[in-house]
Amino acid sequence: MDVCPTGAYTWIEQDGKRYLQLSHAKCVFCGICEEMCPYKAITITNNFELAATHKEDLLVKAGFDTKESVESLGKKLNEKIFSVFKRSLHVREVDAGSCNGCEWEFVALYNSPVHDLQRFGIDVVASPRHADCLLVTGPPTRNMETALIKTYHATPEPKMVIALGACASSGGIFSNCYATKNGIDNVVPVDIYIPGCPPRPQAIIYGFLLALDRVRK
Ligand code: SF4
Ligand code: SF4
């Protein structure tokens, strides 16, 4: 699978057999593998339930296709936020050197008239001191390393850190480069990884749902 620009495929040996393994942390969903596979064995689906609490869980598992809407997921999010916090969930977005694709996707989800995620109890705040959750994008760059660490320490406990997108999860298309750190978990602890480049709206909401489950525990 040399066609993959981020090296998301690796061959592994297990019990004397050879398997192809896909890392969702690295995949940028460009579709090249689907296009180039001579056996048409690869299909990019609209499955959004990809977020995980451990990076190892982003190694590919059998997937399934789902078309659950933003509206229905938003209602689940609303119920969970209010059962955990009894108020809205305060999110501080941290751009740690992203291309801004992930920000565009989140902004389109959060305050566009189409999805309007705010109505389900998500509130984006200007200071980490007011935040329950850091939503971090970017590989991160070395230039943003100190800022990310300071932001992390400025956020009160209990705090959640969500790595949004392939860059934040693994370095993505910018991995293995002198200027980046191959994923924000090399700088601060991460609770949830949301794959995608950028992640689709449902995938972002699903990641928030997983994050809230961690707070409840
Ligand atoms: S869709 Fe993902 S796995 Fe396939 S080539 Fe693109 S980055 Fe690699
Ligand atoms: S994951 Fe993709 S969209 Fe998001 S910051 Fe990285 S390159 Fe941009």
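Residues numbered from 1 in each chain as written. Chains lettered and ligands numbered in written order. Predicted model: local features only at pLDDT ≥ 70, side-chain atom pairs only at ≥ 80, totals over all residues. Heavy atoms only, no water.

- In the nomenclature of an unreviewed UniProt entry, the protein chain is known as NADH dehydrogenase subunit G of Candidatus Jettenia caeni.
- UniProt lists a comment for the protein chain under the heading Cofactor (unreviewed entry), and it reads "[4Fe-4S] cluster". (UniProt positions renumbered as here; feature names shortened; annotations may be inferred.)

Let's talk about the site of ligand 1
Logical step 1: Residues in close proximity to ligand 1 total 14 residues, the closest being Cys-4, Cys-27, Cys-30, Gly-31 and Cys-33.
Logical step 2: Partitioning the shell around ligand 1 into residue classes produces 12 nonpolar, two polar and no charged. (Near = heavy atom within 4 Å. Nonpolar A, V, L, I, M, F, W, Y, C, P; charged D, E, K, R; others polar.)

Observations concerning the site of ligand 2
Logical step 1: Around ligand 2 sit Ser-98, Cys-99, Gly-101, Cys-102, Ala-166, Cys-167, Gly-196, Cys-197 and Pro-198, and those are all the residues in its vicinity.
Logical step 2: Of all the secondary-structure elements, those providing two or more residues to the shell around ligand 2 are helix H3 (101-111) and helix H5 (165-170).
Logical step 3: Residue composition of the shell around ligand 2, by class: six nonpolar, three polar and no charged. (Helix = DSSP H or I, 4+ residues; strand = E, 2+ residues; numbered from the N terminus.)

Brief notes about the environment of Lys-86
Logical step 1: If you trace the backbone, Lys-86 turns up in the loop between helix H2 (70-85) and strand S3 (89-95).
Logical step 2: Polar side-chain contacts of Lys-86 include one of 3.4 Å to the backbone oxygen of Ser-83. (Polar contact = N/O pair within 3.5 Å; in protein donor to acceptor, adjacent residues only side chain to side chain.)

Thoughts on H3
Logical step 1: Every buried residue of H3 is accounted for by Cys-102, Glu-103, Phe-106, Leu-109 and Tyr-110. In a view along the axis of H3, the buried residues occupy a sector of 130 degrees, so they form one face of it. (Buried < 20%, exposed > 50% of the residue type's maximum accessible area, 1.4 Å probe, protein only. Arc of directions from axis to C-beta.)

Describing the sheet that holds S3
Logical step 1: What the five strands build is an open sheet, ordered S4-S3-S5-S6-S7; its pairing is parallel. Edge positions in the sheet fall to strand S4 (122-124) and strand S7 (192-194), since each has one partner strand and no second. Ignoring strand direction, the axes of neighbouring strands in this sheet form an average angle of 30 degrees.
Logical step 2: Pairing geometry for S3 and S4, over three bridges, is parallel. Residue pairing in the sheet places Leu-89 in a bridge with Ile-122 of S4.
Logical step 3: Running over the sheet, H3 touches S3, S4, strand S5 (133-137) and strand S6 (160-164) and is turned about 130 degrees from S4. (Pairing = 2+ DSSP bridges. Axes fitted to C-alpha atoms, helices over the stretch in contact; angles between N-to-C directions. Contact = heavy atoms within 4.5 Å.)

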